[in-house]
Amino acid sequence: MVSKGPVTTFLCLLLGSLLFPLPGASTQQAFRVEPDNITVLEGAVALLQCVVDNPSGVIQWVKDGLLLGPDTNIPGFPRYSMTGDPSKAGEHHLRIMGSQLADDGDYECQAGRSEESPGIVSRTALLSVLVPPKTPIFKEYEANSTVTWVAGVEYKVTCSAGDAKPAAEISFSKDLSAPRSGVGGSIFQLQLTGASYACLPSPPAGLTDSSPWWQDMALLCHKGMPLSTGCTRVPPPSVLVSSPPVPPQPPTIEGYKRPQIKAGETLKLTCISLSGNPLATLQWLKNGNVVSTSWETEDASGASRSLLTLSIKPEDNGAQLHCEATNQVSPLPLVASVTLRVVFLPTEVSILGSSSTPENKQISLSCSTTPSNPPVQLRWWLGWRELTTTEGETLTHGGTVTVSNLTHMARREENELPLTCEAFNEVMLFTRSTSLLLSVQYPPQKVWIEAPPPHSRFRAGTKVRLTCFASGGNPAPRLVWIKVMRGHQAMGGSAGGTVLTSGHPTPVSVLPLCSPRPHPVPPIDVKITTMAKEVRRGQTLTLTCVTGSSNPFATLAWFKDAEKLKGVDLGQKPAEFGGLSTSGKVTLVVSSSDNGLRVTCQAYSSILAEAVNTFYKLNILYPPEFSSKQPAVVQGVEHGAVELPLHVSANPPKLSCSWSFRGEVLKPGGSPRHHLRAGGSLAIWNLSRADMGQYRARCQNPEGRNETHLQLDVHYAPSIRSLGDPVYVDLGATAELVCIADANPIPAGMFQWTWLVRGGCSAIDLPKASGAVGRLRIRGARQAQAGLYECRVDNGLPPPARGSARLIVRFKPEIEKGMGLGKVAMPGDGSSPATLQCRAQGVPSVKFSWEKNGAALSTPTPRYTERTWHEGTWHSSTLTIANVSAMHDYATFTCRASNALGTDKLDIQLLSTSPPDPPTGLKVVSVTHNSATLEWIPGFDGGLPQRFRIRYRWPGAPGALYMDVFPAQTPAFTLTGLSPATPYSIGVSAHNTLGESTQGPSITITTAGRGCLAGGEALSWPPALTGGLSALGALLLLSNAALLTCLLRRHQTWAGNFPPPWTRALPLGSSQHQTVSPQ
């Protein structure tokens, strides 16, 4: 049998050489714990472990090849720090607070080379940060919206959740088929996941009623991560499924009862469409243009109603009003229509043409009215004689224009007679007229001369008077004298038609003649001609104007509307009736703005001061042009309607316009939200913020095409996109709460902050700031400013958005200290426990440690037990000492409260029970003529319940009087029975079962003099009341003495028969301790 002694000895020596190398042997540094791959959620704390045995070199971490440095707080990486116990356990863990996506990477722990050991590098550990996906959204619908689905029609719904790592998993809720596989992409390491499904809704089995029903299956889109817990869902749109779909009944229009309506009245029409599943949508059109898109539905009666209010104008005559009703299953809109018959009278009667003409010539005039309904009749009057005319009517938009043409042979006897055109309607008892004077031109009827008889002889130098007369003629003739002398003639004249001639010494033969000059006549007519058949913008147009015969010749002037043009005079040439014809031309470079303007040629006779006019209307061909009034930006409100106006003109005016948005051509004919109006404007219903952007309108006609752009700005109520919660700030530093909102518009002063203090709120006045980010800066943050702050965002569109964030002010611990908190008394006989309390306030969380006479206590142990709890910013720790021993436990215990910002301490003495300490801070609250109210601060109670006793005396008194305070432990008392106007010296002391404290400081008071009641009556007590109060006081004193005696005897009995009393700590925050005996 082999002895075990030598084998055992060899194994022990071998193990000892391995565990305890000889002095001078080499100690190599090595990894005891190397970092492992870890995965954390975004915002969580990541801890990479590293433990090095025998460290002798510099130890630091490496991130993706970058050395982080050996400092505990790694510079440049405020969230990175090295933790652990490097001196004892060799721990050099890397802790990353609030992990972010940027922290993803490879990490290594390395120990640098030293004299004793070469450098070592740990294995590579991969840190993976998971990012929860954002709230999923529906592509086709908005959250919390209501959509209508028709049974039997297939619908596709797409849900997406973005910014996730790894890609989110999407599923849909009940009664829906499984989604198709998600489609993912990578944007800076984040994944976007989408899923869709096709749904064929159907009504419940057995449902035959055509009324709609709400299917209880919300469209729920869930997001989830393979490594995360839980999921998030989108607030669902409600789904209304109707069974079966039924088109509505044709609409009816109510309110148009009279066959005619007068201009200026207000017309109210109601369109009603019954039944239909779903109920019909209604709209009003006037002459093909939409004038109202609002309607109401009544589910109870199954009807849709739309009210249209119109202020009737003359141009509304003949207007067609249509009410269209349709739903999703109507093949075509159902239409009801009325035609307006508006009654209105002409506002003006006018005569066109010249009322001046030579005799025996025909005069042509035209009389016309402004539009009217019904049409009026016209008749002509010359003086009091009615003339025969030809009458016609011209229909215009909104009424009838009545025209009457008059052709009349003018006679000289009709000169200066009024020519009147009268418009009348016998049914409506209406008449209106206009007049002008007829001017008939005719020559003088007879010319003669009054003179001496023929062949009369006169001496030279004799004055002879000759008088010429003319009768008739219009206008009045001018007389001219002609003297014929031997083969030639001389002309002269005088205003009165009389000429005086002087005799000559030589005989002469004189034949005086008097004849009227030809009468001035304005141009018979004026005509404008041109060689151009079609004129386009930018081209040159030449117009030629030629007047008819006139005497004298007329001068020409050119006008384009009110603008005078510079023409070219082409001279005059003889014309009929012995007059002259004038011609001229003007050359224009036309533009599109000239289209429809009139170019007027005016022939003016300066002698007659009369003008004859004619005009040429410009017809300029040009491609579409957008007016300067075309807006660049159009604003609308989300969920409302907006119209993108199009101010465009062209010639030919027939246009075809199309709209596009983000490169996609809109097709209003097949869209329930886009509608093309007359004139090319685009109406958009049920606006959403996705409609915001630039729209392009393109119009064309045979002359060409043009386009313009409009920016649609959709206003919507605010929502809060981001609000940091919580926000930490160090005491005295500046805190900044940031509220990021999504809103349009973003007015100044949109953000309002409110401090939600306990029991109410307090608004914070801030200067108005612009932008979508609201900041609340609190400078010099104090503890009292911590709490909940609400960010309210209101841009004028309801509802305002609200969000709250909590401000946490970080400060170093502050231990509650005060009278009596630094001492705890307990008998040291080894049978009773003692509880030491330490209460501190601080942020972040406070950690407690205890020391005994400067040496750290390790808890828990059989005799020392620590309990810690936290409530808000307050933190408490109690140290319970079991079986207090005077030899081992009477000592000074130190409570240390620590956090990252500092440390505070409190020394608590554990003593034996003793008489109490004297009260301090004695003061007088009030004094009357016979009483004084006192207050004081209790001292340490010595570990036993204490009572208070008041000592007082006055000058001349043989000794001091004492008064016990009741209730016993109250630190306030009213001393009564004092004499008026008397000085008193008052002190207070404390006592317990072990004795009385020393006398505290005393104070001196003087009672007030005896006061008087109102009216001067002295204050006095009734004798009966005085006697009753005295008896009551004596009774109370006797009962107190008996009770005290009983308590003392029972205490002595318990002290001999029972163990020492146990102690119970008062609630947190108490400044004293209480001893309670078991019952």
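Residues numbered from 1 in each chain as written. Predicted model: local features only at pLDDT ≥ 70, side-chain atom pairs only at ≥ 80, totals over all residues. Heavy atoms only, no water.

Visitor: An account of the overall build of the protein chain is needed here, citing residue identities and associated values.
Guide: Scanning the protein chain for helices and strands turns up 3 helices and 91 strands. Going through the 1079 residues of the protein chain one by one, you find that 36% of them count as buried. For the protein chain, the proportion of contacts with a sequence separation of at least 24, taken over those separated by at least 6, is 64%. (Helix = DSSP H or I, 4+ residues; strand = E, 2+ residues; numbered from the N terminus. Buried < 20%, exposed > 50% of the residue type's maximum accessible area, 1.4 Å probe, protein only. Contact = heavy atoms within 4.5 Å.)

Visitor: Could you give an account of the packing of aromatic side chains, with specific residues and numbers?
Guide: Aromatic ring pairs: the centre-centre distance and the angle between the two ring planes describe each pair. Counted under the stated rule, the structure contains 8 aromatic pairs. Ring geometry for W936 versus F948: centroids 5.5 Å apart, planes at 65°, classification edge-to-face. One end of the pair, W936, is in strand β83 (residues 932–937); the other, F948, is in strand β84 (residues 947–953), with 12 residues separating them in the sequence. One exposure class covers both W936 and F948, and it is buried. Through a chain of ring-to-ring contacts, three or more aromatic side chains come together here, namely Y952, W954 and Y984. Over the ring of F615 we find R598, and its NZ or CZ is 4.0 Å from the ring centre. (Phe/Tyr/Trp six-rings, centres within 6.5 Å; stacked < 30°, edge-to-face > 60°. Lys NZ or Arg CZ within 6 Å of the ring centre and 35° of its normal.)

Visitor: Can you lay out the state of the cysteines for me, pointing to particular residues and giving the numbers?
Guide: Per the stated rule, a full pass over the model turns up 7 disulfides. In this model, C50 is linked to C109 through a disulfide, with the two sulfur atoms separated by 2.1 Å. Here the disulfide of C50 and C109 is left-handed, its torsion about the S-S bond being about -65°. Here C50 is found in the loop between β3 (46–48) and β4 (51–53), whereas its partner C109 is found in strand β9 (residues 105–111), with 59 residues between them in sequence. Of the residues examined, C109 reaches a relative accessible area of 0% and is grouped as buried. Covalent S-S linkage joins C545 and C601, the inter-sulfur distance amounting to 2.0 Å. One quick way to see it: the torsion about the S-S bond of C545 and C601 is about -85°, and its sign makes the bridge left-handed. Taken together, the residues C545 in strand β50 (residues 540–547) and C601 in strand β55 (residues 598–605) connect sequence positions 56 residues apart. Here C545 matches C601 in class, with each residue buried. (Disulfide = S-S within 2.5 Å.)

Visitor: I'd like to hear about the pairing of β50, residue by residue, with values.
Guide: The side-chain alternation of β50 yields one buried face, formed by L541, L543, C545 and T547, and one unburied face, formed by T540, T542, T544 and V546. As paired strands, β50 and strand β54 (residues 580–589) are joined by 7 bridges and run antiparallel to one another. When the sheet's bridge partners are listed, L543 is paired in β54 with V586. (Pairing = 2+ DSSP bridges.)

Visitor: Could you give me a rundown of the environment of E814, with the residues and numbers involved?
Guide: Position of E814 relative to the elements: it lies in strand β73 (residues 801–815). You can call E814 partly exposed: its relative accessible area is 37%. Taking the C-alpha atoms as reference, E814 lies 8.1 Å from T903; in sequence the two are 89 residues apart. When sequence neighbours within four positions are dropped, the list of residues in contact with E814 reads Q783, R839, A840, Q841 and D904.

Visitor: Help me get a handle on the UniProt feature "domain: Ig-like" (unreviewed entry) in the protein chain, residues and values and all.
Guide: The sites that carry the UniProt feature "domain: Ig-like" (unreviewed entry) are, in the present numbering, residues 23–128, 244–339, 346–439, 444–483, 522–613, 718–796 and 813–909. Between the C-alpha atoms that bound residues 444–483 there is a distance of 21 Å. The span itself is 0% helix and 48% strand. (UniProt positions renumbered as here; feature names shortened; annotations may be inferred.)

Visitor: So, the environment of V586: which residues are in play, and what are the values?
Guide: Residue position: V586 is located in strand β54. Here V586 falls in the buried class, since its relative accessible area comes to 1%. Sequence separation of V586 and A557 is 29 residues, and the distance between their C-alpha atoms is 9.6 Å. For V586, the contacting residues outside a window of four places in its chain are L541, T542, L543, W558, L565, K566 and G567.

Visitor: So what about unusual backbone geometry? Which residues, and what values?
Guide: For the peptide bond that leads from N373 to P374, omega is 0°, which places it in the cis range. Tracing the sequence through the fold places P374 in the loop between β34 (362–369) and β35 (377–382). In this structure, P799 follows P798 across a cis peptide bond, with omega equal to -5°. Relative to the assigned elements, P799 resides in the loop between β72 (787–793) and β73. Positive phi is not limited to glycine here, since A981 has a value of about 50°.

Visitor: Describe the pattern of salt bridges, and please don't skip the residues or the numbers.
Guide: For the structure on display, the rule yields 34 salt bridges. With a closest N to O distance of 2.9 Å, D53 and R32 form a salt bridge. Of this pair, D53 sits in strand β4 while R32 sits in strand β1 (residues 30–33), and the two are 21 residues apart along the sequence. With its nearest N and O atoms 2.4 Å apart, the salt bridge here joins R123 to D36. Taken together, the residues R123 in the loop between β10 (120–121) and β11 (125–130) and D36 in the loop between β1 and β2 (38–41) connect sequence positions 87 residues apart. Here D36 falls in the partly exposed class, since its relative accessible area comes to 45%. Shared partners join several salt bridges into a network, and the residues in it are E34, D36 and R123. (Salt bridge = Lys/Arg side-chain N within 4 Å of Asp/Glu carboxyl O.)

Visitor: Summarise the side chain of T547; cite the residues concerned and give the values.
Guide: In this fold, T547 is placed in strand β50. Those residues in contact with T547 that sit more than four places away from it in its chain are P523, D525, V526, L556, S581, T582 and A603.

Visitor: Report on the side chain of E324, specifying residues and quantitative values.
Guide: Along the chain, E324 turns up in strand β29 (residues 320–326). Despite its burial, E324 pairs with no opposite charge; the closest candidate is R677, at 8.3 Å N-O. Sequence-distant contacts of E324, that is, excluding residues within four places in its chain, are made with T281, L282, Q283, L285, P333, L334 and V335. (Lys, Arg positive; Asp, Glu negative; His and termini not counted.)

Visitor: How would you sum up the sheet that holds β55? Please name residues and give values.
Guide: As summarised here, the arrangement of the 4 strands in space is β52-β51-β55-β56, forming an open sheet in which the pairing is antiparallel. Two strands bound the open sheet, and with one partner strand each, they are β52 (563–565) and β56 (610–617). On average, adjacent strands in this sheet sit at an angle of 30° to one another, irrespective of strand direction. As paired strands, β55 and β56 are joined by 8 bridges and run antiparallel to one another. Within β56, the residue paired with V599 across the bridge is Y616. (Axes fitted to C-alpha atoms, helices over the stretch in contact; angles between N-to-C directions.)

Visitor: Describe the nonpolar core, listing the residues and the values that go with them.
Guide: Counting residues in each nonpolar core, the largest one holds 22 residues, and the members touching the most others are L836, W850, F893 and L910. Sorting elements by how many residues they give to this core places strand β75 (residues 834–843) first, with 4 residues. Sequence-distant contacts of F893, that is, excluding residues within four places in its chain, are made with L836, W850, E851, K852, L857, Y864, L879, I881, L906, D907, I908 and L910. (Core = buried A, V, L, I, M, F, W, Y, C linked by side-chain atoms within 4.5 Å.)

Visitor: Report on the sheet that holds strand β7 (residues 80–83), specifying residues and quantitative values.
Guide: On the basis of which strands lie adjacent, the open sheet formed by 3 strands has the order β3-β8-β7 and antiparallel pairing. The outermost strands of the open sheet, each flanked by one partner alone, are β3 and β7. Direction aside, neighbouring strands of the sheet carry axes that sit 25° apart on average. Pairing analysis gives 3 bridges linking β3 to strand β8 (residues 93–96), with the strands arranged antiparallel. Among the inter-strand pairings, A46 is bridged to a residue of β8, identified as I96.

Visitor: Residue-level account of a nonpolar patch on the surface, with values.
Guide: The grouping of L345, V427 and M428 at the surface amounts to a nonpolar patch, some 270 Å² of accessible area in total. Looking at the secondary structure, you find M428 in the loop between β39 (418–425) and β40 (430–437). Overall, M428 belongs to the partly exposed group, its relative accessible area being 31%. (Patch = residues over 30% accessible without salt bridge, like charges linked within 9 Å, V, L, I, M, F, W, Y side chains within 5 Å. Areas by Shrake-Rupley, 256 points an atom, 1.4 Å probe, with all protein chains shown as cover.)

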